[in-house]
Amino acid sequence: MEHDAHTEAPTHAVPPSEDATVDDWARDDAEPMSVESGAAPAEVAAADAGADAPHAPSPSAAVAAEGVKEIQSSLQSLELKINVATQEDAHVVEDDVDQTKRHLNVVFIGHVDAGKSTTGGQILFLSGQVDDRTIQKYEKEAKDKSRESWYMAYIMDTNEEERVKGKTVEVGRAHFETEHTRFTILDAPGHKSYVPNMISGASQADIGVLVISARKGEFETGYERGGQTREHVLLAKTLGVAKLVVVINKMDEPTVKWSKERYDEIEAKMVPFLKSSGYNVKKDVQFLPISGLVGTNMKTRMDKSICSWWDGPCLFEVLDRIEVPLRDPKGPVRMPIIDKYKDMGSVVMGKIESGTIREGDSLLVMPNKSHVKVIGLNLDESKVRRAGPAENVRVKLSGIEEEDVMAGFVLSSVANPVGAVSEFIAQLQILELLDNAIFTAGYKAVLHIHSVVEECEIVELIEEIDMKKKKEADPKKKKPKRKLLFVKNGAIVVCRIQVNNLICIEKFSDFPQLGRFTLRTEGKTVAVGKVVDVPPAGSPTF
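On a predicted model such as this, the values are computed, not experimentally measured, just so you know.

A few words on the overall build of the protein. The secondary structure content of the protein amounts to 14 helices and 23 strands. Going through the 542 residues of the protein one by one, you find that 49% of them count as buried. Taking the contacts inside the protein whose residues are at least 6 apart along the sequence as the reference set, 71% of them involve residues at least 24 apart. Put simply, the protein shows about 26100 Å² of open surface, and 54% of that area lies on carbon and sulfur atoms.

Pasting the structure below:
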């Protein structure tokens, strides 16, 4: 296949006018074929004629030899053509498959030890992504470490450090399908020292599954101040996880025994908190009891003999029926880069937030303004010709070195590139400042916005917003007479934020995915916010 890639290189050099008029499907099918079949014999014949010239003993012999060569070359081109055609068919078929099921990213969040990885592992097992033999191997491994109940988590926690500690560190990725949807599971770490990893997971997610342990004492630890349940919910909301499925796990535990009282108690405590985090509990949140370890109420509804009071749906049904906002496949391309590596070229990974990326496209990597060309696209494990919004893709680029790409850069369309700025105006909600800290101009924190992690400084507080009056931030409004000097916990404030390096962001109202962020200091989330104004196009500052 390596040299195939080279022979196909010129095929994309179709004049732009033609390119625009031919529709995509026609273009996909026809392009390589016409060029291969048309160009090959002529070029080969010409080359052969050139090569024969010096040694030609007599013109007739040369002609004969040329005739033979021409036949050979046309045979070769025919073979090539057939190969290309079969590959094309495979691609087109794959494309059709892609279009039938919608794709969603699900992030598993919650306090450490609530059972996120176990639940994720169980989902993969139930949807047939992991076979019995592998499970048996994991069971034995977990027994050897005298951690019998951890074996399901091993499906998601693949590295040794995670297995020894029983804690997820990285964001694990896996794929499964239900009747109408393809899912990518992002298993986020619950431990507080790994929250930055959790942020990078949640910033790619469309829906969140909040896992809560029903075991006595465990729910309480996760929920109290300092527990990760609260922090994760707040982060999930800011990072744009619009829908939440709250699964109350470990219901089969001896201290719980599927007790309705315990379930209701947890639900009653969570609802006010979810409301205060900005979720509409009736529309965007669904509660359900499960057991991640034994898989009860996950793929199929559970038997009344196990739990008499529950008549609701099971987890797969809930996930399959969730409505998520549609993204615009015809919009400008925006793909925040999460990771990159070398593989016979530079490969970048990320989730397409808007637009469609096709093989052969010319794009920009911002904020470097590097012009690149898409030479390959991978979705999960399979090669595709194009990918639309909400897909997690690996894009192979030519025209840029791997070391010139950083996480946080954005792949964007040339005609409508994303802005690169070093300051912006934001509306912030202050959640919990560190002890004795006050929030004033000069406050420094770490900014997490899509896949960007940058140190930032609050340079100016513009105004405090009184939520009782419920007015939105208006950056154009004339400033109040008294200068705002500081704000306290829980305040909502409009402020100007500066960063050292250029970052790619958008106004929240234009592109929510690239316009919401969190501020963290010393391992705690101190504020969440959205970008309300950015400097004029082409200028990094106001």
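That bond from Met366 to Pro367 is cis: its omega, 5 degrees, falls within 30 degrees of zero. For Pro367, the location among the structural elements is in the loop between β10 (362–366) and β11 (370–379). Despite not being glycine, Trp258 has its phi angle at roughly 55 degrees, a positive value. Its location among the elements puts Trp258 in the loop between β5 (243–249) and α12 (260–276). Looking at Trp258, the relative accessible area reads 11%, which means it is buried.

Two modes of strand pairing occur in sheets, parallel and antiparallel, and in both the strands are linked by backbone hydrogen bonds. The antiparallel closed barrel is built from six strands, whose spatial order is β16-β21-β19-β18-β22-β23. Mean inter-strand twist for the sheet, computed between neighbouring axes without regard to direction, equals 45 degrees.

Below, the discussion takes up the pairing of strand β22 (residues 516–521). The element β22 is extensively covered by neighbouring structure, given that six of its six residues are classed as buried. Turn length for the β22-strand β23 (residues 524–533) hairpin, with the two strands adjacent in sequence and antiparallel, is two residues, and the turn residue Glu522 shows positive phi of about 45 degrees.

We now examine a nonpolar patch on the surface. On the surface, Ile438, Leu485 and Phe486 cluster together to form a nonpolar patch covering roughly 320 Å² of accessible area. Structurally, Leu485 can be placed in the loop between β19 (452–465) and β20 (486–487).

Along the chain, the position of Pro417 falls in the loop between β15 (410–413) and β16 (420–430). By relative accessible area, Pro417 is classed as partly exposed at 34%. Remark: the alpha-carbon pair of Pro417 and Leu364, spanning 53 residues in sequence, is separated by 7.2 Å. If sequence neighbours within four positions are ignored, Pro417 has contacts with Arg334, Leu364, Met366 and Ser412.

Membership of the largest hydrophobic core comes to 65 residues, with the highest contact counts inside it found for Val245, Met270, Leu274 and Phe287. If you tally residues by element for this core, the top one is α12, at six residues. For Phe287, the contacting residues outside a window of four places in its chain are Val246, Ile248, Tyr263, Glu267, Met270, Val271, Leu274 and Trp310.

In this section: α12. Taking 1.5 Å per residue, 17 residues should reach 24 Å; α12 reaches 25 Å between its end C-alpha atoms and fits that length. Capping the start of α12 is the job of one residue whose side-chain oxygen sits 3.3 Å from the backbone nitrogen of Glu261: Ser259. Immediately downstream of α12, the backbone of Gly278 shows phi near 105 degrees, a positive value.

It is worth spelling out the side chain of Arg262 at this point. Tracing the sequence through the fold places Arg262 in helix α12. Within the structure, Arg262 has its side chain in polar contact with the side chain of Glu220 (distance 3.0 Å).

Turning next to the pattern of salt bridges. Under the criterion given, the structure shown has 21 salt bridges. Between Arg334 and Glu506 there is a salt bridge, with its nearest N and O atoms 2.9 Å apart. Here Glu506 lies in the loop between β21 (492–504) and β22 and Arg334 lies in strand β7 (residues 334–342), a separation of 172 residues in the sequence. Owing to a relative accessible area of 2%, Arg334 belongs among the buried residues under this scheme. Taking the shortest distance from any N to any O, the salt bridge between Lys342 and Glu402 comes out at 3.8 Å. With a gap of 60 residues between them, Lys342 in strand β7 and Glu402 in the loop between β14 (392–398) and β15 connect regions that are remote in the sequence. Classification of Glu402 by relative accessible area gives buried; the value is 17%. When salt bridges that share partners are traced, they join Arg215, Glu218, Lys250 and Glu253 into one network.

Moving on, we come to the packing of aromatic side chains. Considering all chains together, one arrives at nine aromatic pairs under this definition. Considering the side-chain rings of Tyr263 and Trp309, the 5.1 Å spacing of their centres and the 45 degrees angle between planes classify their relative orientation as tilted. A residue pair is termed long-range when its members are at least 10 positions apart, and Tyr263 in helix α12 and Trp309 in the loop between β6 (285–289) and α14 (315–321) qualify at 46 residues. When sorted by exposure, Tyr263 lands in the same class as Trp309, which is buried. For the pair Phe439 and Tyr443, a centre-to-centre distance of 4.9 Å together with 40 degrees between the ring planes defines the contact as tilted. Like Tyr443, Phe439 is buried. Site record: aromatic cluster; members linked through ring pairs are Phe176, Phe183 and Phe316.

This part covers the pairing of β23. Every regular strand shows the same layout, with side chains that alternate between the two sheet faces. Counted residue by residue, β23 has eight buried out of 10 residues, so it is predominantly covered. Pairing of β16 with β23, which is carried by six bridges, proceeds in the antiparallel orientation. By the bridge assignment for β23, Gln427 is matched with Lys530. Relative to β23, β22 runs antiparallel, the two sharing six bridges. Along β23, the bridge assignment pairs Arg520 with Thr525.

Attention now goes to the confidence of the model for the protein. Of the residues in the protein, 72% have a pLDDT of 70 or more, and the chain-wide mean is 77. Across residues 1–57, confidence stays below pLDDT 50; counting only partners more than four residues off in sequence or on other chains, it has 51 contacts. Predicted confidence is poor over residues 84–98, with pLDDT under 50, and the contacts of this stretch with residues over four places away or in other chains come to 26 contacts.

What follows is about the environment of Arg225. When you line up the elements, Arg225 lands in the loop between α10 (218–223) and α11 (228–238). Here Arg225 falls in the exposed class, since its relative accessible area comes to 64%. Residues contacting Arg225, with those up to four places away along its chain left out, are Arg230 and Glu432.

Calculation criteria
Residues numbered from 1 in each chain as written. Predicted model: local features only at pLDDT ≥ 70, side-chain atom pairs only at ≥ 80, totals over all residues. Heavy atoms only, no water. Helix = DSSP H or I, 4+ residues; strand = E, 2+ residues; numbered from the N terminus. Buried < 20%, exposed > 50% of the residue type's maximum accessible area, 1.4 Å probe, protein only. Contact = heavy atoms within 4.5 Å. Areas by Shrake-Rupley, 256 points an atom, 1.4 Å probe, with all protein chains shown as cover. Pairing = 2+ DSSP bridges. Axes fitted to C-alpha atoms, helices over the stretch in contact; angles between N-to-C directions. Patch = residues over 30% accessible without salt bridge, like charges linked within 9 Å, V, L, I, M, F, W, Y side chains within 5 Å. Salt bridge = Lys/Arg side-chain N within 4 Å of Asp/Glu carboxyl O. Core = buried A, V, L, I, M, F, W, Y, C linked by side-chain atoms within 4.5 Å. Expected span 1.5 Å × (residues − 1). Polar contact = N/O pair within 3.5 Å; in protein donor to acceptor, adjacent residues only side chain to side chain. Phe/Tyr/Trp six-rings, centres within 6.5 Å; stacked < 30°, edge-to-face > 60°. pLDDT = per-residue confidence, 0-100.

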